[in-house]
Structure formats: C-alpha cells, structure tokens
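# Fold and geometry: a report
What follows is each chain in one-letter form.
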Amino acid sequence: MEQEECTMNEMRREATLYLDDLAVGARFRSGEFVLDEAGLKAFAAQFDPQPFHLDDDAARQTLFGGLAASGWHTAAITMRLLVTSGMPLADGLIGAGGEIDWPRPTRAGDILHVESCIQAITPSRSRPDRGIVALESLTLNQRGEVVQRLLAKLVVFRRPA
C-alpha cells in the first residue's frame, strides 16, 4: 500500500491485531513512563558510561548542558511502552530494521509517551502469511517535545486460517 498521512482514527487498543486488521494512517498512543535520575544513571553505568550520562557537573560542560539520558535508554523505554501499551500486535513487535534519531535530550523527570502511526503496509510476495509494516513512532516528553523518532520496519503476521 502507498504511504498516507496519519489520521486521528485510532485503532482499538484492546484488540489483538494482525496484518489484515491494520490500515495505513492508523495511530496508536502508549501509556506513560517517568524517567528518574537514579534509573537514568543506572542504565548509563551499565550500558553507556559516558560522563554526560553519569555526572551532573561534567554534563553541564557538554553540548547537553546538563545530565542527559542515553539515547539507547530512551530507545529501551520506547520499546517497553510500545510492547506494554502501544501497538497490540498478535505475535509481538518483530523488528526488521529501521532508523532512529534523537532531536533533543531526554532528562531525569521527563514523562515519556509514544505516538505511533502506520506509514506503509507491504504484504510479502514470497511468504503470504506475513508482511512488512513501516511504523513511525515519536517519543514525546511532558511538553510535547519529540525526544526520539523511530521509523521501524516490523514483520507482522496475518490472522491464522
């Protein structure tokens, strides 16, 4: 299917969705996640131990101008929100590639949610039981500022016969 502008017609969250249930332009909104400083530093200490993620004073001297979450932490929070309260795909969110960018830092105290929109649906020619869904997911803070943009290609299965 060709790409269309996302509409405000949100699909039912309580449903378990298959490829056949999806439409280009369908929107999904997740629940919220509050990022605290302890969690921000703990993630960074384990997975991205850079001074601007770990030390308030050092972070003030960087382009971030203060303590900032790792982009990978923001991505992990985004994934959690998508899985627990975002797009309810029957067989899970199975990634097949994508693009990610972080236009502004995520900070301790931010309240994050994800707004997703189906950009394209491409049924597989060689595997009729599935297709690829292009999904744009914007992770926003409590001020409505985009802290992450993810354009993901997802493998989505058709409803079993």
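For the structure itself, look to the data block above.
As the structure is a prediction and not an experimental result, all values here were calculated from the model. (Residues numbered from 1 in each chain as written. Predicted model: local features only at pLDDT ≥ 70, side-chain atom pairs only at ≥ 80, totals over all residues. Heavy atoms only, no water.)

### Examining the overall build of the protein chain
- Along the backbone of the protein chain there are 4 helices and 6 strands.
- Helices and strands in the protein chain line up, N terminus first, as β-β-α-α-α-α-β-β-β-β.
- Taken along its principal axes, the extent of the C-alpha atoms in the protein chain is 60 × 30 × 25 Å.
- Long-range pairs, those at least 24 residues apart, make up 66% of the contacts in the protein chain between residues at least 6 apart in sequence.
- Summed over all atoms, the accessible surface of the protein chain reaches about 8,900 Å², with 52% contributed by carbon and sulfur. (Helix = DSSP H or I, 4+ residues; strand = E, 2+ residues; numbered from the N terminus. Contact = heavy atoms within 4.5 Å. Areas by Shrake-Rupley, 256 points an atom, 1.4 Å probe, with all protein chains shown as cover.)

### Thoughts on the environment of Asp129
- With respect to the helices, strands and loops of the structure, Asp129 is situated in the loop between strand E4 (111-123) and strand E5 (130-140).
- Other than its neighbours up to four places away in sequence, Asp129 contacts Phe157 and Arg158.
- Within the structure, Asp129 has its side chain in polar contact with the side chain of Arg130 (distance 3.0 Å). (Polar contact = N/O pair within 3.5 Å; in protein donor to acceptor, adjacent residues only side chain to side chain.)

### Examining the pattern of salt bridges
- For the structure shown, the criterion picks out 12 salt bridges.
- Of the charged contacts, one joins Asp56 and Lys41 as a salt bridge, the two residues approaching to 3.6 Å between their closest N and O atoms. In this pair, Asp56 sits in helix H3 (residues 56-60) while Lys41 sits in helix H1 (residues 37-47), placing the two residues 15 residues apart along the sequence.
- Judged by its relative accessible area of 24%, Lys41 is partly exposed.
- Several salt bridges share partner residues, and in doing so they unite Arg27, Arg29 and Glu115 into one network. (Salt bridge = Lys/Arg side-chain N within 4 Å of Asp/Glu carboxyl O. Buried < 20%, exposed > 50% of the residue type's maximum accessible area, 1.4 Å probe, protein only.)

### Brief notes about the side chain of Glu136
- Here Glu136 is to be found in strand E5.
- Once you skip the residues sitting within four places of it in the chain, Glu136 turns out to touch Glu115, Ser116, Cys117, Gln119, Arg149, Leu150 and Leu151.

### Quick look at the nonpolar core
- Ranked by internal contacts, the top residues of the largest apolar core, which has 16 residues, are Leu22 and Ile118.
- Here the element with the most residues in this core is strand E6 (residues 146-157); it accounts for 3 residues.
- Residues Leu35, Leu40, Leu81 and Leu82 belong to the second largest nonpolar core, which totals 10 residues. (Core = buried A, V, L, I, M, F, W, Y, C linked by side-chain atoms within 4.5 Å.)

### A closer look at the side chain of Ser116
- In this structure, Ser116 sits in strand E4.
- Only 2.7 Å separates the side chain of Ser116 from the side chain of Ser137, close enough to count as a polar contact.
- Leave out the neighbours within four places in its chain, and Ser116 touches Ala26, Arg27, Phe28, Leu82, Leu135, Glu136 and Ser137.

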